[in-house]
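Working through the structure, step by step
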Amino acid sequence: MDSLSSNASKKAIRSPGGSSGSQNNRNSNGQTVKFARRTSSGRYVSLSRDDLDMSGEIPGDYMNYTVHIPPTPDNQPMDTSVAVKAEEQYVSNSLFTGGFNSVTRAHLMDKVIESEVTHPQMAGAKGSACSMPACDGKVMKDERGVDVTPCACRFKICRDCYMDALKDTGLCPGCKEPYKMGDYDDDVPDFSSGALPLPAPDDPKGNMSVMKRNQTGEFDHNRWLFETKGTYGYGNAFWPQDGGDERDEEFQGGAIETMDKPWKPLSRKTPVPAAILSPYRLLIAVRFVVLGFFLTWRLRHKNEDAIWLWFMSVICELWFGFSWILDQVPKLCPVNRSTDLQALWDKFDMPSPTNPTGRSDLPGVDMFVSTADPEKEPPLVTANTILSILAVDYPVEKIACYISDDGGALLTFEAMAEACSFADLWVPFCRKHDIEPRNPESYFSIKGDPTKNKSRSDFVKDRRKIKREYDEFKVRINGLPDSIRRRSDAFNAREEMKMLKHMRESGGDPMEPIKVQKATWMADGTHWPGAWAVPSRDHAKGDHAGILQVMLKPPSSDVLMGGADDKIIDFTDVDIRLPMFVYMSREKRQGYDHNKKAGAMNALVRCSAILSNGPFILNLDCDHYIYNCKAVREGMCFMMDRGGESICYIQFPQRFEGIDPSDRYANNNTVFFDGNMRALDGVQGPVYVGTGCMFRRFALYGFDPPDPDKAHKVGSEMQNLGPSDFDSDLDVNLLPKRFGNSTLLAESIPIAEFQARPLADHPAIKYGRRPGALRQPREPLDASAVAEAVSVISCWYEDKTEWGDRVGWIYGSVTEDVVTGYRMHNRGWHSVYCITKRDAFRGSAPINLTDRLHQVLRWATGSVEIFFSRNNAFLASRKLKFLQRLAYLNVGIYPFTSMFLVVYCFLPALSLLSGHFIVQTLNIAFLLYLLTISICLILLAILEVKWSGVGLEDWWRNEQFWLISGTSAHLAAVVQGLLKVIAGIEISFTLTSKSSGDENEDTYAELYLVKWTSLMIPPIVIGMMNILAIAIAFSRTIYSAIPQWSKFIGGAFFSFWVLAHLYPFAKGLMGRRGKTPTIVFVWSGLIAITLSLLWISINPPKGATAATLNGGFQFP
C-alpha cells in the first residue's frame, strides 16, 4: 500500500481470451504483450491481435508496451461504479442521528434548505424523478450533476429501486434486460505506473469540439494532435512491472524518468544575525548581574524609618527579578524560518512520467471549526470562515472540512448548508481569478482597486455577478432565524389542528387544553433532532442526540472542469470540485461532563478519523478565516521536510482585524506572537495557543515521536503495522482502554501515521514513505462508516478511556490548548512556528475593555489551574528541554505576579502619604543601579524590536496592558484558582462574543462602550490613590518648614510611572464622550477615602494626638 501498483487497471487490462499465444505473448526480451484501448465511457477494453488487424506490420519493439488512447474532447472519462456511487449519494443525502442507548438512524433528506441546491456534491441536490411506480426518489447523479442510468436503455432509477432490482431479479425494470455489472465496476486507472495522457486542449472559448471536426462532422484526431502538439508514441506507454529484463534504477516505477533533479529542502532555518543577537544576549547577562547586585544592595541597606515599606518593596522586587528571568531567558535563541513552495510543488504535484495526470502526493488535511452559540458567534461569520476553507489552495480531494456545533442549533445547520450552496460559485470564482483573501466578506470590504494584478477580461463582469450573489447570500443568512421561526410556527399549528381534529373524532373534551410540543422543524418538514427554540426533553442545548450530516460528499480524484453554460459565470477550464464538508453536533446528555471545547475537538478527531482520516489536522475558531490560501502548503513544507516526522504541530501567529489603529488594549499581542513565540521556535517549539495550528494526528493520539534508528522499512506494507509498533508499552488488547471500542478508529491509526511521513527521497531521511504512495483515491463513504462516526461522538464513548487524559485535547483546564501542547513537548515532540509573508489567518478580537479583561481572565485562570495540576513544568520529564521548561513554568506562574504588582503599585502612594521612601536616602549607589537597569531594559527592548519586528509603540502598549491586566484580571484569576483548589469551586467563563461586522455601524463602536465589571475596581483604586497621594504630598511639601523634595520626587516619579501605564484604562472608562457610569466614581471615591482614612489612623502624622484630644477627628 505504500506505493501505487497497477491494481487500478487490472480489471481493464486483461489478457484477452482465445489462444494461449494471445494470453502469453512474449517478445524476444521476454516482456508480456498486452493491448488495451479506452472507450468513450472511460473503460479499458482488452484487444487481441486479430482485433488490431495489424498482423505482419507490427515491429518487435511495438509489442513491449500497452498503448492507452488518452482522453480527448469527444472521449471523456466517467465514473462507472454505479453501486458505489449510489451508496455515497445515499450517505450524503442522509442526516444521521444516534447516541447513548439509541439506534443510529439515517434520515434521507430531499431538501436541506429552502433555497434550491445545484451542486451535485451537496446534500439535497435536485435530480430527476425515479421512473418506478409509486416512488418519489431521485435519480443518482455523477460529479457534474448528470443523471446516472445504470442500463443502456437510459431507464431512470433511484438508488433504492436500483439496489432492490439487483437483489430481486438483476433485470432492468425498463428493458427487462440484465444489468451488465462488468460495464460499471471497472475502476478508472490512476496512471501511476506510467500511462501518460495527452495535453488538454488549450482553447479559451471552449469550442474545441467544433473547431477540430473534419468535413464529415466527425472529430479530427490528427488536427487535434497537431494543434495540441500531442503524440501517441513515447510517454503514453504502459510498462508492465511484472517480469521483463532488469533495468536501471531510473526505470523503476514503470516509466523512464526524463530528468533527475537534485534534492532540495522544503524549509530553511536562519538564525538572527549575530550583530543583533550577540549584543542582545550580552545585555541580558549584564542586566542579570546588575540586578543581582541591586537586590543584594537593597537587602543590606534597610530603611529604618519605614521598615514595613522597605520590606514590601524588597519582596516585590525579588519576585519581579525571578519573573523577569523566567520570561527573558527562553528568548536567548530566536530563529527565522522560510519555506520553498515551488520545491513542494515539484516534489508532490508536478506531472511526471510516473505521474502523468499530476495527481497530488500530498497528505490529506482535516480542518476543524468549532462553534457553540449562534447568538454570540454569528452564523455569517462562521459561514465566511467555512467558505475560506473550501477555497483553500490545496488538492481538493485531500481536504475535508468539519464543523462542530456544540449548541446543536438548526440555525447553524442551515447556515452551513447555505454556505455550501454559495460555495458552488464562490470557490470556482476564487480559483479562476486567484482571489485573495478568500473570505467573501473580507474580500469585498477591501479598500482599493479590485482589478489590480487581474488580467482576465471577464473579471469585472464576474466580480459584479458574484458580489450580487453574495449580497443575496447574506440576506438569506440574516433571514434564517425568522424563516425557521415562521416555518416552525406553521408546522406546530398544523400539528395542533391535527390533534384537535383527532380529539373531536374520538369524542374528547373540547375544553381540555391541547398540549403540543413546540418543536423546531427542518426545511423538509421533519423535527430537528438537535436543540429546539423551546427546549424539551431530548431537544435542549445540553440534552440532544448526536447529529452528523455529510453536506458535501467527497469529490472525485480527477479534476472536473466547468463549462460556459453550467453557471452564471463561465468556469471553462476551472476545477469546480468542492472539498468534503461535514456538519457534526456531538451527543449531549444531562449528567455527563462534556468538557467544553476540548470535548468537542476530541469528538471531531474521532469522527474525522473514520470518515477521512487526514494525517494532519488544522483547527480554527469560527471567527478565524484563511487569509493566505497557500497557508496549508506553507505548513506542509515543514511537515514533509527532512526531520518533519518529529514535528507534532505547526503554530501560525494570530492576526486580527477590526482593532483600533492605536491598539489601545494590546489586542494584537505582537510582543508575544512575534517575540516570545519566535524565540521558543529556536528551543523546542512554540506553545499551542488555540487556533491556527496544524497538528500531526498521530501526535494527538498520545504516541511518542518516532525513533529513526528503529524505523520500519520504507517498503513495508501498511497492514503489518499497528499501534503497538509505535508504543512498546501499548498492548493491542488494551486498545479499547486508550482509544475506545471502535475498530475503524483503531485501524485508522497506523494509516494516519504512515501517510504523515515525509518522502524517503534522501539518504538522511530514515523514517519516510515511498513517493507516489498517496496518489491512490480515497475510499468512498458508506453508511456503515458514517454510522460508526455517529457512535464515536456519543456522550458515553470516552468513558473508561484515555481521551482527554493522554489522547487528544487534554481536559481539566479552561486553557486546554496550552496543556495539550505541553503534553506533546513533554513526550519529546518538537513544534514549529510558521510566520508567512502574507498573514496565514485572520480573526476578530474583543476591542471593548470589559470583554478584553474577561478574555485575559480566562487565560490567566487556566494558567493558575496548570500551576496546581500535574501539568506543572516542575514535574516534566527529561525530554522537555531546560529553556522550554522555563517557558512553561512562566506560563503557570505569571498570574501570581499580580499580587506583588498590586502591592508595588500602591507603594508610591503610601510613600507619598507617609513621607518616607523605599530607601532611606537617595544615594548615588541606588541611582546608578536604577539607571543601569533602566538603560539595559531600554536597549533590550530596542534589540528585541530589531529581531522580532515588533514596533516600539506595540511594545509600549504591551507594557501598559501588562500592568492593567496584572492589577485586575490576573489577580481575580489567582483568587478563582485558589478557590477551586482549596474549596473545589468550579470556574465558569463567558464565551467571547464575535462581531458580525455590520457595515452600517461604527467600526470601533465597541471600543467606547463602557460595561461595568468588578475587575475594574483595583485599577481604579490604584489610579485614584496615586493621584490623591501626589496632590497631598505636593501640598505638604510646599507648606512644610523644611521641604524634603528628594522623597517627594522619588515617590512622585513612581506614581507617574503607574499612572502612565494606566492611561489606556482611564481612556476606556471615559467612553466616547466621557459618559462614564456614576457608579465608577462613587465606588472609587469611597474606596480611596476609606483607604486614606485607614492609613491616617494607622500612621497618624505628628501632633495628631493633641489634636484629637481637643476635639479633632478620630477614626472610628
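The shown structure was predicted, so the numbers you read here are calculated from the model rather than taken from an experiment.

Right, let's talk about the overall build of the protein for a bit. Summing up its helical and strand segments, the protein has 34 helices and 21 strands in all. Put simply, the protein has 1116 residues, and 53% of those count as buried. Pairs at least 24 apart in sequence give 78% of the contacts found in the protein among residues at least 6 apart. Carbon together with sulfur atoms contributes 56% to the accessible area of the protein, which is approximately 50,300 Å² in total.

All right, on to the sheet that holds strand β21 (residues 841-844) then. If you walk across this open sheet you meet the three strands as β16-β21-β18, and the pairing is mixed. The open sheet terminates on both sides in strands that have one partner only, identified here as β16 (625-626) and β18 (655-657). The sheet contact formed by β16 and β21 spans two bridges and is antiparallel. Within the sheet, the bridge partner assigned to isoleucine 626 lies in β21 and is phenylalanine 841.

Moving on: helix α23 (residues 816-826). Most of α23 is tucked away, with 11 of its 11 residues classed as buried. The set of residues buried in α23 consists of Glu816, Asp817, Val818, Val819, Thr820, Gly821, Tyr822, Arg823, Met824, His825 and Asn826. Glycine 828 occupies a position one or two residues after α23 and carries a positive phi of about 105°.

In this section: the confidence of the model for the protein. Averaged over all residues, the pLDDT of the protein equals 79, while 76% of them reach at least 70. Here residues 182-219 is modelled with pLDDT under 50, and outside its nearest four sequence neighbours on either side it reaches 103 contacts, counting other chains as well. Between residues 712-720, whose pLDDT stays under 50, and residues either more than four places distant or in other chains, the model counts 22 contacts.

Turning our attention to the packing of helix α10 (residues 379-390) against helix α13 (residues 459-478). Taken N-terminus to C-terminus, the directions of α10 and α13 make an angle of 135°; their axes are 10 Å apart at the nearest point. Judged on the interaxial angle alone, α13 and α10 are oblique. Considering only the axes of α10 and α13, their crossing is right-handed. Each of Pro379, Leu380, Ala383, Asn384 and Leu387 in α10 lies in contact with α13, whose residues at this interface are Tyr470, Phe473, Lys474, Ile477 and Asn478. Tallied by class, residues from the contact of α10 with α13 come to seven nonpolar, two polar and one charged.

The next thing to look at is the sheet that holds strand β10 (residues 399-405). Pairing in this open sheet of 10 strands is mixed, and the strands run β5-β4-β13-β14-β10-β9-β15-β19-β17-β20 from one edge to the other. On the outer flanks of this sheet lie β5 (102-108) and β20 (830-833), each paired with one strand and no other. The average undirected angle you get between the axes of adjacent strands in this sheet is 20°. Here five bridges tie strand β13 (residues 546-552) to strand β14 (residues 580-585), and the two strands are oriented antiparallel to one another. Counterpart to leucine 548 in the pairing with β14 is methionine 584. Against the sheet, helix α22 (residues 783-792) makes contact with β4 (94-99), β5 and β13, and its axis sits at roughly 40° relative to β4, the strand it touches most.

Okay, the pattern of salt bridges next. For the structure shown, the criterion picks out 51 salt bridges. Note that aspartate 681 and arginine 337 form a salt bridge whose closest N and O atoms lie 2.7 Å from each other. One end of the pair, aspartate 681, is in the loop between α17 (670-680) and β19 (693-696); the other, arginine 337, is in strand β8 (residues 335-339), with 344 residues separating them in the sequence. On the basis of relative accessible area, arginine 337 is assigned to the partly exposed category, the value being 23%. Here lysine 879 and aspartate 704 are joined by a salt bridge, their closest N and O atoms 3.7 Å apart. Of this pair, lysine 879 sits in the loop between α24 (849-867) and α25 (882-893) while aspartate 704 sits in the loop between α18 (697-700) and α19 (723-726), and the two are 175 residues apart along the sequence. For lysine 879, a relative accessible area of 45% gives the class partly exposed. Among the charged side chains, a salt-bridge network with shared partners connects Arg537, Asp538, Asp543, Glu587 and Arg589.

Evaluation of the coordinates by the stated rule reveals 41 aromatic pairs. Each residue in the set Phe294, Trp297, Phe917, Phe926, Tyr929, Phe1053 and Phe1054 is aromatic and connected to the rest through ring pairs, giving one cluster. The cationic tip of lysine 454 hangs over the ring face of phenylalanine 459; the distance from NZ or CZ to the ring centre is 5.7 Å.

Looking now at the pairing of β10. For β10, the tally of buried residues reaches seven of seven residues, placing the bulk of the element in the interior. Of the two faces of β10, the one lined by Ile399, Cys401, Ile403 and Asp405 and the one lined by Ala400, Tyr402 and Ser404 are each fully buried. When strand β9 (residues 365-371) meets β10, the two strands line up parallel, connected through seven bridges. By the bridge assignment for β10, serine 370 is matched with serine 404. Bridging between β10 and β14 involves five bridges; their strand directions are parallel. Each bridged residue has a counterpart across the sheet, and for serine 404 the counterpart in β14 is methionine 584.

The rules behind each value
Residues numbered from 1 in each chain as written. Predicted model: local features only at pLDDT ≥ 70, side-chain atom pairs only at ≥ 80, totals over all residues. Heavy atoms only, no water. Helix = DSSP H or I, 4+ residues; strand = E, 2+ residues; numbered from the N terminus. Buried < 20%, exposed > 50% of the residue type's maximum accessible area, 1.4 Å probe, protein only. Contact = heavy atoms within 4.5 Å. Areas by Shrake-Rupley, 256 points an atom, 1.4 Å probe, with all protein chains shown as cover. Pairing = 2+ DSSP bridges. pLDDT = per-residue confidence, 0-100. Axes fitted to C-alpha atoms, helices over the stretch in contact; angles between N-to-C directions. Parallel < 35°, antiparallel > 145°, perpendicular 65-115°, else oblique. Left-handed = near helix turned anticlockwise from the far one by under 90°. Nonpolar A, V, L, I, M, F, W, Y, C, P; charged D, E, K, R; others polar. Salt bridge = Lys/Arg side-chain N within 4 Å of Asp/Glu carboxyl O. Phe/Tyr/Trp six-rings, centres within 6.5 Å; stacked < 30°, edge-to-face > 60°. Lys NZ or Arg CZ within 6 Å of the ring centre and 35° of its normal.

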